[in-house]
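So the chains spell out like this:
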Amino acid sequence: MKVVILAGGLGTRISEETQVRPKPMVEIGGMPLLWHIMKIYSFFEIHEFVICLGYKGEYIKDWFLRYKSLQNSFTLDLERDAIEYHTTTHEPWKIALIDTGLHTMTAGRIARIREYVGNEPFMLTYGDGVANVNIHELLAHHKSHGKLVTMTTIVPEGRYGVPDIGADNIIASFSEKTDNRSRVNGGFFVCEPAVFDYLQNSDSVMFERGPLDALARDGQLVSYPHDGFWKAMDTLGDKQELERLWAGGAPWKVWDAK
């Protein structure tokens, strides 16, 4: 199974950082937020990723191209054009880095990576949020109901897309509200390949608008309630809060849980 990560947005609300790098590459504890997200999935033995690039996508490409040398000591032989690594720190990751357009909306970005996912279920999340979601339990929940999309829902800190959740966690509608007592879209989706049928001609469409609305109307969108830790990095204050949490143990650091 592959994980699709949306990493192409402009990140205008944290422009202090995103003037020089895309938001998923803003560092928490010395490593990009994107790396933290990938570590979460990798802990649950999912190691293949499709990263949807847009704004400053070359920064993400360059970082991964240099990842092995950044993480290890090595000797460089310029005459023979050879590198001898003295340590073997690495991740078991296979990563497709796909340009999906500078101004493409989220539905369009997902539609553009269809060939890299293939005709199989895939996971989907945003490149700016971390959580201690149990991915194995999320997958089991998805398989249990037979619908096209499972969306992790959380209790929000602020304004997000709010699903109207009915019986059996079926989402009846999806809208923008500010009622903080309601569960909201927390990312960490599981999608069947038929979800691409909802994304046609969608470059200017947000996945969170038309496609999720249509899936809800068709009874194909199901909630997976998550009551543990979840945090998105939208502002500089959010970054500072994540840094503070990292220094104190990081509740999303499931890969190093004691």
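The sections below set out a description of the structure shown in this document. Nothing here was measured: the structure is a model prediction, and the numbers come from that model.

1. A few points about the overall build of the chain
- On a plain count of helices and strands, the chain comes out with nine helices and 15 strands.
- Residues classed as buried in the chain amount to 50% of the 258 residues present.
- For the chain, restricting intrachain contacts to residue pairs at least 6 apart in sequence, the fraction spanning at least 24 positions comes to 74%.
- Here the chain contributes 27 positively and 34 negatively charged side chains, and the mean placements of these two sets differ by 2 Å.

2. Digging into the packing of aromatic side chains
- The tally for this structure, following the rule as stated, stands at 14 aromatic pairs.
- With a centroid separation of 5.5 Å and an interplanar angle of 75°, the aromatic rings of F189 and F207 are classed as edge-to-face. Residue F189 is found in strand β13 (residues 184-191), and its partner F207 is found in the loop between β13 and α8 (210-217); the two are separated by 18 residues along the sequence.
- Assessed through its relative accessible area of 0%, F189 is described here as buried.
- Seen from their ring centres, W246 and W255 are 6.5 Å apart, and the 35° between their planes marks the pair as tilted.

3. Considerations on the nonpolar core
- Membership of the largest hydrophobic core comes to 47 residues, with the highest contact counts inside it found for Y41, M123, I135 and W252.
- Beyond its immediate sequence surroundings of up to four residues, M123 is in contact with M1, K2, V3, V4, Y41, I46, I135, L138, L139, F189 and V190.
- Residues V50, F189, L199 and L215 belong to the second largest nonpolar core, which totals 25 residues.

4. Observations concerning the state of the cysteines
- One pass over the structure, following the stated rule, counts zero disulfides.
- Cysteine C191 shares no disulfide, and the gap to the nearest cysteine sulfur, in C52, comes to 11 Å.

5. Here's the deal with unusual backbone geometry
- Despite not being glycine, E45 shows a phi value in the positive range, around 65°.
- In this structure, E45 sits in the loop between α2 (33-43) and β4 (48-53).
- The phi dihedral of D81 is positive, around 55°, even though this residue is not glycine.
- Residue position: D81 is located in the loop between β5 (74-77) and β6 (82-85).

6. Let's talk about the sheet that holds strand β1 (residues 2-7)
- A sheet is described by the order of its strands in space; here seven strands give the open sequence β7-β4-β1-β8-β13-β10-β14, paired in mixed fashion. With partners counted over all chains shown, the strands left at the sheet margins are β7 (94-99) and β14 (221-225), one partner each. The average angle at which neighbouring strand axes cross in this sheet is 25°, direction not considered.
- As judged from the six bridges shared by β1 and β4, these two strands associate in the parallel manner. Each residue of the ladder has a partner; that of K2, found in β4, is E48.
- Those strands touched by helix α3 (residues 57-65) are β1, β4 and β7, and its axis lies near 160° from that of β7.
- Contacts between α8 and the sheet are confined to β10 (149-154), β13 and β14, with β14 contributing the most and set at about 100° to the helix.

Rules behind the numbers
- Residues numbered from 1 in each chain as written.
- Predicted model: local features only at pLDDT ≥ 70, side-chain atom pairs only at ≥ 80, totals over all residues.
- Heavy atoms only, no water.
- Helix = DSSP H or I, 4+ residues; strand = E, 2+ residues; numbered from the N terminus.
- Buried < 20%, exposed > 50% of the residue type's maximum accessible area, 1.4 Å probe, protein only.
- Contact = heavy atoms within 4.5 Å.
- Lys, Arg positive; Asp, Glu negative; His and termini not counted.
- Charge placed at Lys NZ, Arg CZ, Asp CG, Glu CD.
- Phe/Tyr/Trp six-rings, centres within 6.5 Å; stacked < 30°, edge-to-face > 60°.
- Core = buried A, V, L, I, M, F, W, Y, C linked by side-chain atoms within 4.5 Å.
- Disulfide = S-S within 2.5 Å.
- Pairing = 2+ DSSP bridges.
- Axes fitted to C-alpha atoms, helices over the stretch in contact; angles between N-to-C directions.

Everything listed here is a matter of coordinates, which is why it stays silent on function.
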